[in-house]
Amino acid sequence: MTGPVVVGFDGSPESLAATAWAAREAQRRDCPLHLLHAWPRPKRDASERHHPVERLAAREAELLTTVDVPVSSSQVPDPPADALEAAARTASLLVLGSRGLGALHGFLVGSVSQEVLRRAACPVVLVRTGADEPAGPVLVGLDLDHPTDEVLAFAFDAAARRSAPLRVVHVWSPPSGTEYMAFDAIGGVQNELSAAEQARFTDLLEPWRERRPEVDVTADLIRGSATVAVVDAAATARLLVVGRRLRRPLLGTHLGSVAHAAVHHVHCPVALVPHA
């Protein structure tokens, strides 16, 4: 998608951090940046709308001095989740701010962000307040049982644009029931399963290594809990990329367990990339 980077703005510290990150990302992508403020109040409340409009214009003017790409803004009289979802239909990336949870280094994700994460058609990045994007690799967590092309394409592109290494993590666990086998049998089965997972992992990444040779790739196969392993690995990452399955309305709109853990407990920016 070649649309703009769209970022939600409401004047809060979280949205200031999000707009700063979004401006740098728009610069990396050489695409327009658009600040969006949703104000779901009747149009007759002009006095109440005046101050947010001034803050929006001031932030737009600030960002124009920091990047060499077009910067624009708009205010719409719609509920924030609806406005952001609509903007995501033509955006290449949607960026939202999120509060950190103090020493827990996590996200406190509000109802608007949760709705947008579930519904947005384009990748969504959550940015917490605090320091700029930290140093370290781009980290991507993969589930080999689901399509990965969109997730890997985003991760390789993000690493290349940052001239950063890419760490690819796949977490696996033995099937239930093996814990009841004899000790010697358990070791043999788990070694065999680990080798099979490693072969799948290697086969999946090899075409991407050939396609993007400029990216320095490290691949880690980890046994354990995917939610725990990905959150732990993200402690040294500058950006975490995870997939988010697009679901039909009848199947619900819940985030997967890894995505849910990532947006609540990871310190660095988190990109959720939709896939079929």
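These notes cover the structure that comes with them. Computed from a prediction, not measured in an experiment: that's the story for all the values here. (Residues numbered from 1 in each chain as written. Predicted model: local features only at pLDDT ≥ 70, side-chain atom pairs only at ≥ 80, totals over all residues. Heavy atoms only, no water.)

## Describing the overall build of the protein
Then comes step 1: Helices and strands together make up the secondary structure of the protein, namely 8 helices and 11 strands.
Then comes step 2: The buried share among the 276 residues of the protein stands at 44%.
Then comes step 3: Excluding contacts between residues fewer than 6 apart, the proportion of contacts in the protein whose partners are at least 24 apart in sequence is 78%.
Then comes step 4: Of the roughly 13500 Å² of accessible surface on the protein, 55% is carried by carbon and sulfur atoms. (Helix = DSSP H or I, 4+ residues; strand = E, 2+ residues; numbered from the N terminus. Buried < 20%, exposed > 50% of the residue type's maximum accessible area, 1.4 Å probe, protein only. Contact = heavy atoms within 4.5 Å. Areas by Shrake-Rupley, 256 points an atom, 1.4 Å probe, with all protein chains shown as cover.)

## A short note on the packing of aromatic side chains
Two aromatic rings, taken as a pair, are described by how far apart their centres are and by the angle between their planes.
Then comes step 1: The tally for this structure, following the rule as stated, stands at 1 aromatic pair.
Then comes step 2: Ring geometry for Phe-156 against Trp-208: centres 5.5 Å apart, planes inclined by 25°, an arrangement best described as stacked. On the criterion of sequence distance, the pair formed by Phe-156 in helix H5 (residues 149-162) and Trp-208 in helix H6 (residues 183-211) is long-range, its members being 52 residues apart.
Then comes step 3: Judged by its relative accessible area of 0%, Phe-156 is buried. (Phe/Tyr/Trp six-rings, centres within 6.5 Å; stacked < 30°, edge-to-face > 60°.)

## Digging into the pairing of strand S1 (residues 5-8)
Then comes step 1: Burial along S1 is two-sided: Val-5 and Val-7 facing one way and Val-6 and Gly-8 facing the other are all buried.
Then comes step 2: Pairing analysis gives 4 bridges linking S1 to strand S2 (residues 33-38), with the strands arranged parallel. Bridge assignment links Gly-8 to a residue of S2, and that residue is Leu-36.
Then comes step 3: Handedness of the crossover joining S1 and S2 through helix H1 (residues 13-29): right-handed. (Pairing = 2+ DSSP bridges. Right-handed = clockwise from strand over helix to strand, strands pointing away.)

## Remarks on helix H7 (residues 226-233)
Then comes step 1: Every buried residue of H7 is listed here: Ala-229, Val-230 and Ala-233. Taken around the axis of H7, the buried residues stretch over an arc of 95°, which confines them to a single face.
Then comes step 2: Tucked into the core, H7 has its buried residues touching strand S7 (138-142), strand S8 (166-172), strand S9 (217-223), strand S10 (239-245) and helix H8 (257-265). (Arc of directions from axis to C-beta.)

## Quick notes on unusual backbone geometry
Then comes step 1: The phi dihedral of Asp-30 falls on the positive side, at around 55°, and the residue is not glycine.
Then comes step 2: Within the secondary structure, Asp-30 sits in the loop between H1 and S2.
Then comes step 3: Assessed through its relative accessible area of 61%, Asp-30 is described here as exposed.
Then comes step 4: In the Ramachandran plot, Ser-163 falls in the positive-phi region, its phi being about 50° despite a non-glycine side chain.
Then comes step 5: Note that Ser-163 resides in the loop between H5 and S8.

## Quick word on the packing of H7 against H8
Each pair of packed helices can be summarised by the angle the axes make with each other and by the distance between the axes.
Then comes step 1: Running from N to C, H7 and H8 point in directions that differ by 35°, and their axes come no closer than 9 Å. Crossing of H7 against H8: the hand is right-handed. Residues Ala-226, Thr-227, Val-230 and Val-231 of H7 lie in contact with H8, whose contacting residues are Ser-257, Val-258, Ala-261 and His-265.
Then comes step 2: Looking at the contact of H7 with H8 residue by residue, the class counts come to 5 nonpolar, 3 polar and no charged. (Axes fitted to C-alpha atoms, helices over the stretch in contact; angles between N-to-C directions. Left-handed = near helix turned anticlockwise from the far one by under 90°. Nonpolar A, V, L, I, M, F, W, Y, C, P; charged D, E, K, R; others polar.)

## Observations concerning the packing of H1 against H5
Then comes step 1: Put simply, H1 and H5 touch, their axes get as near as 10 Å, and they point 90° apart. Here H1 lies roughly perpendicular to H5, going by the angle between them. Every residue of H5 that contacts H1 at Trp-21, Glu-25, Arg-28 and Arg-29 is listed here: Phe-154, Arg-161 and Arg-162.
Then comes step 2: Broken down by class, the residue content of the contact of H1 with H5 amounts to 2 nonpolar, no polar and 5 charged. (Parallel < 35°, antiparallel > 145°, perpendicular 65-115°, else oblique.)

## Remarks on the pattern of salt bridges
Then comes step 1: Tallied over the entire structure, the rule returns 11 salt bridges.
Then comes step 2: A salt bridge links Glu-25 to Arg-29; its shortest N-O distance comes to 2.9 Å. Of this pair, Glu-25 and Arg-29 both sit in helix H1, 4 residues apart, which is roughly one turn of that helix.
Then comes step 3: For Glu-25, a relative accessible area of 2% corresponds to the buried category.
Then comes step 4: The exposure class of Arg-29 is buried, given its relative accessible area of 18%.
Then comes step 5: For the salt bridge of Arg-161 with Asp-157, the shortest nitrogen-to-oxygen distance reads 2.7 Å. Linking Arg-161 with Asp-157, this pair stays in helix H5, spanning 4 residues, or about one helical turn.
Then comes step 6: By relative accessible area, Arg-161 is classed as partly exposed at 35%.
Then comes step 7: For Asp-157, a relative accessible area of 21% corresponds to the partly exposed category.
Then comes step 8: Sharing partners across several salt bridges, the network here consists of Glu-25, Arg-28, Arg-29 and Arg-162. (Salt bridge = Lys/Arg side-chain N within 4 Å of Asp/Glu carboxyl O.)

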